[in-house]
Protein chains: 2
Amino acid sequence: MPQHTDAPTALKVALLGGGTVGSQTARILTEDADILRDRVGADLELTGIAVRDTGATRDWQADPALYTTDAEALVAGADVVIELMGGIEPARTLILRALAAGTSVVTGNKALLAQHGEELYAAAAATGAQLSFEAAVAGAIPILRPLRDSLGGDRVTRVMGIANGTTNFILDRMDSEGADFDDALAEAQRLGYAEADPTADVEGHDAAAKAAILATIAFGAPYTLDQVAVAGITAITAEDNAAAAEAGYVIKLLAIAERGRAADGAEGAVLRVHPTLLPREHPLASVRGAFNAVFVEAENAGELMFYGPGAGGAPTASAVMGDVVSIAQRIVRGGPARLRTPVTALPALDPAEAHTSFMVVLRAADQPGVLRRVAGVFEEHGVSIETLRQVPSEREDAPGASLRLITHRARQRDLDATVEALAALDVVHEVASVLRVEGN
Amino acid sequence: MPQHTDAPTALKVALLGGGTVGSQTARILTEDADILRDRVGADLELTGIAVRDTGATRDWQADPALYTTDAEALVAGADVVIELMGGIEPARTLILRALAAGTSVVTGNKALLAQHGEELYAAAAATGAQLSFEAAVAGAIPILRPLRDSLGGDRVTRVMGIANGTTNFILDRMDSEGADFDDALAEAQRLGYAEADPTADVEGHDAAAKAAILATIAFGAPYTLDQVAVAGITAITAEDNAAAAEAGYVIKLLAIAERGRAADGAEGAVLRVHPTLLPREHPLASVRGAFNAVFVEAENAGELMFYGPGAGGAPTASAVMGDVVSIAQRIVRGGPARLRTPVTALPALDPAEAHTSFMVVLRAADQPGVLRRVAGVFEEHGVSIETLRQVPSEREDAPGASLRLITHRARQRDLDATVEALAALDVVHEVASVLRVEGN
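Computed from a prediction, not measured in an experiment: that's the story for all the values here.

Participant: Mind showing me how you'd approach the nonpolar core here?
Facilitator: A general trend in soluble globular proteins is that nonpolar side chains are found buried together. Val296(A) and Val296(B) are the most contacted members of the largest nonpolar core, which totals 172 residues. If we ignore the near neighbours within four places in the chain, the residues touching Val296(A) are Ile143(A), Leu147(A), Leu151(A), Val156(A), Arg158(A), Val159(A), Gly302(A), Glu303(A), Leu304(A) and Phe306(A).

Structure representation (structure tokens):
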């Protein structure tokens, strides 16, 4: 391999974090050192692993002499820094210190990127250091690089991801076994797919961080968590699932980033995470259990999907090492850092501007004129109904009829107003659920 | 974007070929010139389109002054050459001329790469020019770059692709409608999914070229067509499909490149294309119609799948333009060409060394002792039977019983010997079909 004149024969790699992914990254750096040397053209020398407790039990045990609590010293001497500590601090300060010194950084820290991305991207650009984070979204699945490079001559219009394995496992169980949310969550916890405190997963916050990162690559601006409209899956009932299944849909928690238009016609990006009805024949519908997948729509490429394990030590470490090898090759060969392909930065739009279809379930009185009045409310707000199905209520505590409506694409803002007006109708007992529909 | 001191403000792009993909590439270069300028940091100036007939009707019509029959002159003045003529000559000579002059080339020419890849890769390496060919495999689906870069820190063990849309369409129709091969082919031809002469598709030659290219990226050596064991789909019957469906499988034509071992234990690559039984729940099994998908197994990443349109003008042009933008960015920013990540080149193995499972359908006499004798032949050759099902023959012209056996993983060589011995048994009327099984 051609190398520039003063190409190094070894690169010092500092690893911050000794958890599941950190341990597997250390294992690959150690066990696959020969392969990595061949590919990079220099040794990747693991100089240390910064941990909180050097004596802790690990997934994979490196040479005990490598563990240190002095992360700052480790970063100071490194050619490449791998940050897998998670959390905001001290990860943020350590990464900023490395980038300021011109040292390239690989991180899988989605929460940090979704909250402080702008600061980190600016720090990298200032010194020409590289900041890579393929592992931050959908584990081992190569998605950021294809979005940036492979679609570099195209225009991405929408990205929809099943980006959280815990919620996909739970929804899959609810769909396939008719389970309640609580039972499916308990099973996920028992099998290790959900944490004791599942809030970040089931409330959609983890998926929202991934939506912000995917949007940053696809639409250019450093979007943050607070620009993502988030709804989790805790309110999904077995009844919602049954209604979805009957209409030919499956419910998935999707992280969506898409081009849209503001009320004044200006182009922007809409970011949202919510339980979504997908037609059973949609490629994302067959993503089962704890797997992840990202569905991409681009003007010329059409519809693409990327599928694989969304978490796990070795898969995520594979994504980390792909970034490390790319950076190391560039250091050895010379030449400027690989920059983010500049794409025109779209402003984040108010999620109320999103256009989707909706499934609305109402409990209403079983009497003449109800259908006409309900349909009138939709018409008034400019929301067009695609299908309507009336079924007698099965709940003894809620007599009357259950109305299940699926709309054509409508603006979120108009639907919100429709739902408010429906709830105010005397013949409507309850708006039982409102779920968005995509992929039709 | 940082640019090196003498960065050009415009790059001359020569387009060879004005067919479906060529026209769409010209359209993108023309209509999306602003976006491309933003991303590259310089204008991409389409200097001409080399065609055989400047007056022909096109999918998309560029400025008439751009069409020329003088491909050589166009190549001589270019900064980037896009070759979309197809065929071996004059494409090969024109690409070699460009590479020799240090001009980077983007091509979608799978036949050329699968036959003359070694010569082309060497010509690029000699001058430091780049040769990119994402469009040559699976149309718009980003697969070569993820294999090379995203998995640059991992070890790919197997690649299995539905890489030919025509055959997938035909097999899909046979599966979903119980159609015969001839009827499904006729329908594919009527709908424009199959050519008037469908040989290259249905005999597996197109998929074999893609297997060679995928293997080249995954396993390092410039594999050629003649190293791929090829079987097409013309012999697949409605009965095969029924037998597969009954056992829970679907038949797909797969292009497979995998690590294997020679008889002496040396590691190598096995390349093969054949109709394959896949369990219905396998991610590749749900790839319908003319879509493509590539399933990748890697040591750390686990199982990944890449899905999308495998052909079509705009999707394939999107892949071409992703390569063009990457090359143009590198020219503008400076630095050496992006080389193929060196992976240890594995020698191509004799495909008889492949290990797979098999479904064997026999027509045999319906008499005592047949099962014992058939099982004895498998045992003799070291091939272990997983399931066996005996059904009365439904064919009046072939009385007796039909035996459907699925084996555990066995060596192709041993299975071949087993089949030969089965055919020689007096109680066996016919070995009706032998199909490989993957994904269990």
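That covers the picture; the talk isn't over yet.
Participant: Explain the UniProt feature "binding site: NADPH" (unreviewed entry) in chain A here, please?
Facilitator: All names here are of chain A. In the numbering used here, UniProt assigns the feature "binding site: NADPH" (unreviewed entry) to Lys110. Turning to its location among the elements, Lys110 is positioned in helix 5 (residues 110–127). Setting aside residues up to four positions removed in sequence, Lys110 forms contacts with Ala136, Asp206, Ala209, Lys210 and Ile213.

Participant: How should the interface of chain B and chain A be read in this particular structure?
Facilitator: For an interface, size is often stated in terms of accessible area lost upon the parts coming together. Residue-level contacts link 51 residues of chain B with 51 residues of chain A. A combined buried area of about 4200 Å² lies between chain B and chain A, and 53% of that area is made up of carbon and sulfur atoms. Our enumeration of links across chain B and chain A arrives at 2 salt bridges. A salt bridge links Asp32(A) to Arg155(B), with the shortest nitrogen-to-oxygen separation between them at 3.8 Å. Counting every contact that joins chain B to chain A gives 10 residue pairs in polar contact (both at pLDDT 80 or more). Elements supplying a minimum of two residues to the side of chain B that touches chain A: helix 1 (20–31), helix 2 (33–40), helix 6 (144–150), strand 12 (302–309) and helix 12 (313–333) of chain B. Top contributing element to the side of chain B that touches chain A by residue count: helix 12 of chain B, with 9 residues. Its residues assigned to classes, the side of chain B that touches chain A shows 25 nonpolar, 14 polar and 12 charged. One ladder, built from 3 bridges, connects strand 12 (residues 302–309) of chain A with strand 12 of chain B; its direction is antiparallel. From the neighbouring strand, Phe306(A) faces strand 12 of chain B, where its bridge partner is Phe306(B).

Participant: Would you explain the pairing of strand 10 (residues 267–279) of chain B in this entry?
Facilitator: Within a regular strand, the side chains alternate between the two sheet faces. All names here are of chain B. For strand 10, a buried count of 12 out of 13 residues is recorded, marking the element as mostly surrounded by other parts of the structure. In terms of strand pairing, strand 8 (residues 229–230) meets strand 10 through 2 bridges, oriented parallel. Across the sheet, residue Val230 finds its bridge partner in strand 10, namely Val273. In the sheet, strand 9 (residues 249–261) pairs with strand 10 via 13 bridges, with the strands oriented antiparallel. Considered in strand 10, the bridge of Ala255 is made with Val273. As consecutive antiparallel partners, strand 9 and strand 10 are separated by 5 residues, and within that stretch Gly265 has a phi angle of approximately 90°, a positive value.

Participant: What's the story with the relation of the copies chain B and chain A in this structure? I'm lost.
Facilitator: Of the transformation superimposing chain B on chain A, the axial component is 0.0 Å and the angular component is 180°, with the fit at an RMSD of 0.0 Å. Both chain copies can therefore be described as sitting about a two-fold axis. Relative to the rotation axis, the closest C-alpha in chain B is found at Gly335(B), a distance of 1.9 Å. Looking at the interface residues of chain B, 100% of them are also at the interface in chain A, so both copies use one shared face.

Participant: Teacher, can you tell me more about helix 14 (residues 412–424) of chain A here?
Facilitator: Turn by turn, an α-helix covers 3.6 residues, leaving residues three or four places apart pointing in a common direction. All names here are of chain A. Taking 1.5 Å per residue, 13 residues should reach 18 Å; helix 14 reaches 19 Å between its end C-alpha atoms and fits that length. Along helix 14, the positions that sit buried rather than exposed are Gln412, Leu415, Thr418, Val419 and Leu422. End-on, the buried residues of helix 14 take up no more than an arc of 115°, which puts them together on one face. The exposed residues of helix 14 that point more than 90 degrees off its buried face are Glu420 and Ala424.

Participant: Help me understand the packing of helix 7 (residues 165–177) of chain B against helix 8 (residues 181–190) of chain B, please; the structure alone is not making it clear to me.
Facilitator: Packed helix pairs are specified by the crossing angle of their axes together with the interaxial distance, meaning the distance between the axes. Residue and element names in this part refer to chain B. Where helix 7 meets helix 8, the closest approach of the two axes is 9 Å, and the angle between their N-to-C directions is 125°. As summarised for this structure, helix 7 and helix 8 are arranged oblique, according to the angle between their axes. You can see that helix 7 and helix 8 cross each other, and the crossing is right-handed. For the pair helix 7 and helix 8, the contacting residues are Phe169, Ile170, Arg173, Met174 and Glu177 in the first and Phe181, Ala184, Leu185, Glu187 and Ala188 in the second. Grouping the amino acids of the contact of helix 7 with helix 8 by side-chain chemistry returns 7 nonpolar, no polar and 3 charged.

Participant: Quick question: what am I supposed to make of the sheet that holds strand 3 (residues 67–68) of chain B here?
Facilitator: Where strands meet in a sheet, backbone hydrogen bonds hold them as pairs that are either parallel or antiparallel. Residue and element names in this part refer to chain B. Read from one edge to the other, the open sheet built from 6 strands follows the order 3-2-1-4-5-6, with strand pairing classed as parallel. Taken across any chain shown, the strands that pair with only one partner, and hence form the sheet edges, are strand 3 and strand 6 (131–132). Pairing of strand 1 (residues 10–16) with strand 4 (residues 80–83) involves 4 bridges; the strand directions are parallel. Across the sheet, residue Val13 finds its bridge partner in strand 4, namely Val80. This element, helix 12, spans strand 1, strand 2 (43–50), strand 4, strand 5 (104–107) and strand 6 of the sheet and lies at about 170° to strand 5.

Participant: I'm lost on the pairing of strand 5 of chain B in this one. Help?
Facilitator: Residue and element names in this part refer to chain B. Side-chain alternation along strand 5 places Ser104 and Val106 on one buried face and Val105 and Thr107 on a second face that is also buried. For strand 4 and strand 5, the ladder comprises 4 bridges, and the chain directions are parallel. Considered in strand 5, the bridge of Val81 is made with Val105. Running through helix 4 (residues 91–100), the crossover from strand 4 to the neighbouring parallel element strand 5 is right-handed. Where strand 5 lies against strand 6, 2 bridges are found, and the strand directions are parallel. Along strand 6, the bridge assignment pairs Val106 with Ser132. Considered for its hand, the β-α-β crossover made up of strand 5, helix 5 (residues 110–127) and strand 6 is right-handed.

Participant: Mind showing me how you'd approach the packing of aromatic side chains here?
Facilitator: Geometrically, a pair of aromatic rings is defined through the distance of the ring centres and the angle of the planes. Applying the stated criterion across every chain, the model contains 7 aromatic pairs over all chains. Pairing Phe306(A) with Phe306(B) gives two aromatic rings, centres 6.0 Å apart and planes at 80°, and the pair type is edge-to-face. Of this pair, Phe306(A) sits in strand 12 while Phe306(B) sits in strand 12, on two different chains. In this structure Phe306(A) comes out as buried when scored by relative accessible area, which is 1%. Relative to Tyr193(B), the ring of Phe169(B) lies with its centre 4.6 Å away and its plane at 35°, an arrangement referred to as tilted.

Participant: When you look at the packing of helix 1 of chain B against helix 12 of chain B in this model, what are you seeing that I'm missing?
Facilitator: Residue and element names in this part refer to chain B. Their axes nearest at 8 Å, the elements helix 1 and helix 12 cross at an angle of 60°. As summarised for this structure, helix 1 and helix 12 are arranged oblique, according to the angle between their axes. Crossing handedness for the pair helix 1 and helix 12: right-handed. Seen from helix 1, the contacting residues are Thr20, Val21, Gln24, Thr25, Arg27, Ile28 and Leu29; seen from helix 12, they are Gly313, Ala314, Thr316, Ala317, Ser318, Val320 and Met321. Grouping the constituent residues of the contact of helix 1 with helix 12 by class yields 7 nonpolar, 6 polar and 1 charged.

Participant: For this particular structure, what's the right way to read the sheet that holds strand 1 (residues 10–16) of chain A?
Facilitator: Residues and elements named next belong to chain A. The parallel open sheet is built from 6 strands, whose spatial order is 3-2-1-4-5-6. At either end of the open sheet lies a strand with only one pairing partner, and these are strand 3 (67–68) and strand 6 (131–132). Together, strand 1, strand 2 (43–50) and strand 4 (80–83) form the strand contacts of helix 1 (residues 20–31), whose direction differs from that of strand 2 by roughly 150°.

Participant: Quick question: what am I supposed to make of the domain arrangement of chain A here?
Facilitator: In terms of domains, chain A is made up of domain 1 (10–140 + 314–333), domain 2 (144–309) and domain 3 (354–437). Between domain 1 of chain A and domain 3 of chain A, the C-alpha centre-to-centre distance is 51 Å.

Participant: Explain the pattern of salt bridges here, please?
Facilitator: Close approach of charged atoms lets side chains of opposite charge pair. For the structure on display, the rule yields 64 salt bridges over all chains. A salt bridge links Glu299(B) to Arg155(B), with the nearest nitrogen and oxygen atoms 3.3 Å apart. You can see Glu299(B) sitting in the loop between strand 11 (291–298) and strand 12 and its partner Arg155(B) sitting in the loop between helix 6 and strand 7 (156–162), a full 144 residues away along the chain. Judged by relative accessible area, which is 44%, Glu299(B) ranks as partly exposed. A residue is classified by how much of its surface remains accessible, and Arg155(B), at 26% relative accessible area, is partly exposed. Between Glu246(B) and Arg389(B) there is a salt bridge whose closest N-O contact spans 2.5 Å. Pair noted here: Glu246(B) is in helix 11 (residues 238–246) and Arg389(B) is in strand 14 (residues 385–392), with a separation of 143 residues, a long-range link. A relative accessible area of 45% places Glu246(B) in the partly exposed class. Accessibility expressed as a relative area gives 40% for Arg389(B), which makes it partly exposed. One salt-bridge network, held together by shared partners, links Arg158(A), Glu258(A), Arg272(A), Glu297(A), Arg409(A) and Glu438(A).

Calculation criteria
- Residues numbered from 1 in each chain as written.
- Chains lettered and ligands numbered in written order.
- Predicted model: local features only at pLDDT ≥ 70, side-chain atom pairs only at ≥ 80, totals over all residues.
- Heavy atoms only, no water.
- Core = buried A, V, L, I, M, F, W, Y, C linked by side-chain atoms within 4.5 Å.
- Buried < 20%, exposed > 50% of the residue type's maximum accessible area, 1.4 Å probe, protein only.
- Contact = heavy atoms within 4.5 Å.
- UniProt positions renumbered as here; feature names shortened; annotations may be inferred.
- Helix = DSSP H or I, 4+ residues; strand = E, 2+ residues; numbered from the N terminus.
- Buried area = accessible area lost by both parts, 1.4 Å probe.
- Salt bridge = Lys/Arg side-chain N within 4 Å of Asp/Glu carboxyl O.
- Polar contact = N/O pair within 3.5 Å; in protein donor to acceptor, adjacent residues only side chain to side chain.
- Nonpolar A, V, L, I, M, F, W, Y, C, P; charged D, E, K, R; others polar.
- Pairing = 2+ DSSP bridges.
- Least-squares fit on C-alpha atoms with pLDDT ≥ 70 in both.
- Expected span 1.5 Å × (residues − 1).
- Arc of directions from axis to C-beta.
- Axes fitted to C-alpha atoms, helices over the stretch in contact; angles between N-to-C directions.
- Parallel < 35°, antiparallel > 145°, perpendicular 65-115°, else oblique.
- Left-handed = near helix turned anticlockwise from the far one by under 90°.
- Right-handed = clockwise from strand over helix to strand, strands pointing away.
- Phe/Tyr/Trp six-rings, centres within 6.5 Å; stacked < 30°, edge-to-face > 60°.
- Domains from an automatic or database assignment.

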